[in-house]
Amino acid sequence: MKFNIKSAMDYSSKLKNVIHEVERSLRVVTSLEGSSFSNNSINYVPAADDGMYKATITHKKSNLKSTVGRTFEDEEIKVEGSSDLAKLSPDTRLQLLNDLMIERVNIDYLIETTKNNSKITDEFSGKEVTYDLGCQINKMYREYNQNILRDIVEMDTELEKTTNGKVITVINADTADKPTAFEYPITIKATSNVNNKAVLNKYDEINDKCTLNSAKLSEVEISKFFEFEPKFNLNPSVRSLIEKYKEEK
């Protein structure tokens, strides 16, 4: 099957999401009782919820005979994984996880090999660079524009503020007057030290070069093909994998 870099990265990303979901189902919980602050049933066993344990709950009602004077039968409840994924055995899920990881490594290897053999002429340096380095350069300049230059471009040329100062003094030193507080205005003015026109020109120049680089990188993504036979559906879901691995058990 033919893949280009873009479709292969999409497949790899979907494999990654499914891998995380299967990994979460393999977490080991050892608690045998639900939280007292939750509405969990008395028959809920967290350790068995993901199918890593199977539990038996025994309600020993026969112990009530001496207290109540009646005979009760003990009640036994089997508790296993609650979700369809948890109902797959841990061994099956581990095999599924292993297969998913191998598949992702294989597709990522071909993605990286193809990318590293693909070159673009970088607009900033004028040099021929690999796809990944081109992405890094573009990211660096976009962050520079967004985090540094944009705020400078948008800064006000002048700032002005009026606040109040306070002086405490005695009006007549010859009398026994108490000190009095007097307020007066304080004016603060600031003028920009930045050559806004030059910064704006630089900001626009970087944006233009990033756009040109992005177009070149996108062309590499869709024009470079390789052969790869996927083990899984191109849009893998946990639901489809459950059915597939149930059949293979």
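Scroll up to find the structure.
Residues numbered from 1 in each chain as written. Predicted model: local features only at pLDDT ≥ 70, side-chain atom pairs only at ≥ 80, totals over all residues. Heavy atoms only, no water.

What follows covers the overall build of the protein chain. When its secondary structure is counted, the protein chain shows 7 helices and 8 strands. Whereas a compact globule of 249 residues would reach a radius of gyration of roughly 18 Å, the protein chain reaches 35 Å, over 25% beyond that. Along the three orthogonal principal directions, the C-alpha set of the protein chain runs to about 105 × 75 × 20 Å. Per-residue burial over the protein chain gives 27% buried out of 249 residues. Of all intrachain contacts in the protein chain linking residues separated by at least 6 positions in sequence, the fraction that spans at least 24 positions is 65%. The protein chain carries 35 positive and 40 negative side-chain charges, and their two centres are separated by 3 Å. (Helix = DSSP H or I, 4+ residues; strand = E, 2+ residues; numbered from the N terminus. Rg over C-alpha atoms; globule rule 2.2 N^0.38 Å. Buried < 20%, exposed > 50% of the residue type's maximum accessible area, 1.4 Å probe, protein only. Contact = heavy atoms within 4.5 Å. Lys, Arg positive; Asp, Glu negative; His and termini not counted. Charge placed at Lys NZ, Arg CZ, Asp CG, Glu CD.)

With that settled, the discussion passes to the environment of Asn4. Structurally, Asn4 is set in strand S1 (residues 2–4). Asn4 sits in the buried class, given a relative accessible area of 13%. Asn4 sits 53 residues away from Ile57 along the chain, and the two C-alpha atoms are 54 Å apart. The residues contacting Asn4, other than those within four sequence positions of it, are Glu221, Ile222, Lys224, Phe225 and Phe226. Of the polar contacts made by the side chain of Asn4, one reaches the backbone nitrogen of Lys6; its length is 3.2 Å. (Polar contact = N/O pair within 3.5 Å; in protein donor to acceptor, adjacent residues only side chain to side chain.)

Before going further, it helps to examine the side chain of Asp132. For Asp132, the location among the structural elements is in helix H5 (residues 131–153). For Asp132, the residues in contact, after removing those within four places along its chain, are Glu112, Lys115 and Asn116.

For the rest of this paragraph, the subject is the side chain of Glu221. Relative to the elements of secondary structure, Glu221 occurs in helix H6 (residues 196–223). The side chain of Glu221 sits in the buried core without any salt bridge; Lys6 is the nearest counter-charge, 5.5 Å away. Sequence-distant contacts of Glu221, defined by excluding residues within four places in its chain, comprise Asn4, Ile5, Lys6, Met9 and Tyr131. (Salt bridge = Lys/Arg side-chain N within 4 Å of Asp/Glu carboxyl O.)

This next bit is on the pattern of salt bridges. Inspection of every chain in the model, using the stated rule, returns 13 salt bridges. A salt bridge links Glu123 to Lys216; the nearest nitrogen and oxygen atoms lie 2.6 Å apart. Of the two residues, Glu123 is situated in the loop between strand S4 (119–121) and strand S5 (128–130) and Lys216 in helix H6; the sequence distance between them amounts to 93 residues. Its relative accessible area of 25% is what places Lys216 among the partly exposed residues. Several salt bridges converge on common partners, so that one network encompasses Asp84, Arg239, Glu243 and Lys246.

Approximately 220 Å³ is the volume found for the largest pocket. Along the lines of polarity and charge, the residues of the lining of the largest pocket split into 6 nonpolar, 6 polar and 1 charged. (1 Å grid on protein atoms, 1.4 Å probe; cavity = no way out; pocket = protein on both sides within 12 Å on 5 of 7 lines; lining within 4 Å. Points joined across faces, edges and corners; volume = space filled by probe spheres on them. Nonpolar A, V, L, I, M, F, W, Y, C, P; charged D, E, K, R; others polar.)

Evaluated as defined, the whole model comprises 4 aromatic pairs. Plain terms: the ring middles of Phe3 and Phe226 are 6.2 Å apart, the flat faces sit at 10° to each other, and that makes the pair stacked. Placement of Phe3 in strand S1 and of Phe226 in strand S8 (residues 225–227) is noted, with a sequence separation of 223 residues between them. For Phe3, a relative accessible area of 2% translates into the label buried. You can call Phe226 buried: its relative accessible area is 9%. Taken together, a centroid distance of 5.9 Å and an interplanar angle of 70° make the contact between Phe3 and Phe228 edge-to-face. Linking Phe3 in strand S1 with Phe228 in the loop between S8 and helix H7 (238–248), this pair joins segments that are 225 residues apart in sequence. (Phe/Tyr/Trp six-rings, centres within 6.5 Å; stacked < 30°, edge-to-face > 60°.)

Before going further, it helps to examine helix H4 (residues 90–116). A rise of 1.5 Å per residue sets the reference length of H4, with its 27 residues, at 39 Å; its end C-alpha atoms lie 38 Å apart and thus fit the reference within 8%. Turning to H4, its buried residues number three or more, namely Thr92, Arg93, Leu96, Leu97, Asp99, Leu100, Glu103, Ile107, Ile111, Thr114 and Lys115. Each element contacted by the buried residues of H4 is listed here: helix H1 (5–25), S5, H5, S8 and H7. (Expected span 1.5 Å × (residues − 1).)

Okay, the environment of Arg150 next. Its location among the elements puts Arg150 in helix H5. Through-space distance from the C-alpha of Arg150 to that of Leu200 is 8.5 Å; in sequence the pair is 50 residues apart. Not counting residues up to four positions away in its chain, the partners in contact with Arg150 are Asn145 and Tyr203.

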